[in-house]
Each structure stands twice: as C-alpha cells, then as structure tokens.
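Take a look at the letters that make up each chain.
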Amino acid sequence: MKLVCNIAAELLKSRAAHISAAARRLGGEMCKELKTKVLRLLPPTSNGPCAPQESRTDDAEILSCTVKALKEGDVVAVPTDTIYGLACLAQNSGAIRKTYDMKGRDSQKPLAICVGEIQEIYTYCKVPVKEELLGDLLPGPVTLVFERSEALNADLNPFTSLVGVRIPDHAFMRRLCQMCGEPLALTSANISSHTSTVAVHEFQELWPKLAVVVDGGPIGDQSRLGSTVVDLSVLGKYRIIRPGCALSSTVDVLEHKHGLSEDLGDQ
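Nothing here was measured: the structure is a model prediction, and the numbers come from that model.

Draft legend 1. Representation of the overall build of the chain in the model. If you tally the helices and strands in the chain, you get 7 helices and 12 strands. The 267 residues of the chain split such that 45% are buried. The long-range fraction of contacts in the chain, counting pairs at least 24 apart against all pairs at least 6 apart in sequence, stands at 63%. When the accessible surface of the chain is totalled, it reaches about 14200 Å², and 55% of it is carbon and sulfur.

Draft legend 2. The arrangement of the side chain of Thr66 in detail. On the secondary structure map, Thr66 appears in helix α2 (residues 53–71). Here the side chain of Thr66 touches Ile62 through a polar contact of 2.7 Å, landing on its backbone oxygen. Those residues within four positions of Thr66 in sequence are excluded, and the remaining contacts are Val76, Phe172, Leu176, Val212 and Val214.

Draft legend 3. Spatial organisation of unusual backbone geometry. In the segment running from Leu138 into Pro139, the intervening peptide bond is cis, with an omega of -5 degrees. On the secondary structure map, Pro139 appears in the loop between α5 (131–137) and β6 (142–148).

Draft legend 4. Quick look at the pattern of salt bridges. Counted under the stated rule, the structure contains 11 salt bridges. The salt bridge partner of Lys126 is Glu150, with a shortest N-O separation of 3.6 Å. Taken together, the positions of Lys126 in strand β5 (residues 125–126) and Glu150 in the loop between β6 and β7 (162–166) put the pair 24 residues apart, joining distant regions of the chain. Judged by its relative accessible area of 67%, Glu150 falls in the exposed class. One connected set of salt bridges, linked through shared partners, spans Glu132, Asp136 and Lys257.

Draft legend 5. Expanded view of helix α7 (residues 247–257). Every buried residue of α7 is accounted for by Thr250, Val251, Val253 and Leu254. What you see down the axis of α7 is that its buried residues fit within an arc of 155 degrees, all on one side. Pointing more than 90 degrees away from the buried face of α7 are the exposed residues Ser248 and His256. The secondary structure elements touched by the buried residues of α7 are α5, β6, β10 (228–231) and β11 (237–242). One or two positions beyond α7, positive phi appears at Gly259, with a value near 70 degrees.

Procedures and definitions
- Residues numbered from 1 in each chain as written.
- Predicted model: local features only at pLDDT ≥ 70, side-chain atom pairs only at ≥ 80, totals over all residues.
- Heavy atoms only, no water.
- Helix = DSSP H or I, 4+ residues; strand = E, 2+ residues; numbered from the N terminus.
- Buried < 20%, exposed > 50% of the residue type's maximum accessible area, 1.4 Å probe, protein only.
- Contact = heavy atoms within 4.5 Å.
- Areas by Shrake-Rupley, 256 points an atom, 1.4 Å probe, with all protein chains shown as cover.
- Polar contact = N/O pair within 3.5 Å; in protein donor to acceptor, adjacent residues only side chain to side chain.
- Salt bridge = Lys/Arg side-chain N within 4 Å of Asp/Glu carboxyl O.
- Arc of directions from axis to C-beta.

See the structure below:
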C-alpha cells in the first residue's frame, strides 16, 4: 500500500511539474509574441532602514524601460495616486491615436496632460491663477483645466482651446515625467465606459496593446472616482467639471484660501 501511495505521489508531482512548465512556456511565448513587459515596482520603505542600492536600481531600470517605450511612440500603463492610467507622449500624434483606438474612446473626449513640476505647467498652459494656488493643489488628485498654449501639440484635443493638467502625488509618475522631459497624455486604464481600475489585473485585456505595464500594486483609494477636475481658465472663477475623489478639499482651497467663486454658468 505504501508503495502504491509513493507511486501515486510521484505521478502527481510529475504531472504538476509538467503543467507548471507548460504554463511557463505559454506565458513566455505570450510575452515574446506580445512584447508587453509587466514590471513590478518595489513597495516604498517609509518606516525602517533605507532600501538597498539594488532596490533603487530596479526602480531606475523600470523608469528607463518605460521612458524608452514612450520615446518610441508606444503606450504604457502606469499607477497614479487615484487610479491606473494609460500614458503616451502628448507631443506624439501617432501615440495619441493609439491611445484612443485601444480604449475605444470617443474622439471628442479630451485627454489630460501630466507633468512632473509646477513650472512646466506654464509652458503648456496659460495660467491666470497665482502659483501659490497651484502649489496648494499639486501634486495631488486634482486635474486643473486652463487655456492651452501654442507649445502643446495641436493634435491633442484639437476640438477645444482648453487642456487639463495633472501632477499626481506619486513619486514614480513625477520622475517619469521628469525623465521624459515633456508632458505625458494621460487617461484611465480601461476600455471606455468600463469601470476605472485600481490593480493591473483589472485591465488585462489591454495588456497586448501596451509596450509596458508598470505594476505599482493595488491603489489605496478604492473609490475609483479619479481626480477632481476643475476649470480655472476664467479669472477669479472656478467650475467643477468632475467631482472626483477630492472635491471638498479642492473647493475649500479655492474658495476659503484664494477667494475664487464658483462659475455656475446659466444656472
């Protein structure tokens, strides 16, 4: 009886190893065929000793790989401080078309831009508010809408003179923008009309169309509301375009600290 059990155990072990090897081969073949790199960011080490040098190098390699893909005109998936996003170079018209196509996004719906530093906003936008206001809201889960400048790619949102700009409160995203040296076009990582995503497996159907998927782990804000979008293009006024996840704190800054009044339009 013991001999039979041992034989059965060996058979099961052999079968499991065969299945595992087959799965690895299939996964490798898929990655080779699709050429999609799924790269896992190391978690931050906030309470304890500094991360070892090799950990920092790993993240640097992910940044380098992602920048390379963007510079080659590809679309990548990235974590932000609110939801996962799809990003491409805002100044690359072909990459913008790819982004719309892979999402099935309405061509009349705009893409926001993402930059790494507040000073960069002045290059691509006409800003009628004080820099102090920008610093009170950014980096953070807010998209600020301004008149666009002539420096921004004319093929990005050609149907409007406005553009939304973000600086996510996310170290990887800020560094990515800085390394690219130009704005990213940013939109949610999902098929249009589908739910926003807070983990990479939730948009797995898009992976084959992406050059790089940066896995930053589950995003803490599970509301899936995305950033609060506010139009600041009219001097002394603000207009909420999307309430998002930071409405109350944003309105508090705009009204109570900076004295802006809400533009209610025709209401």
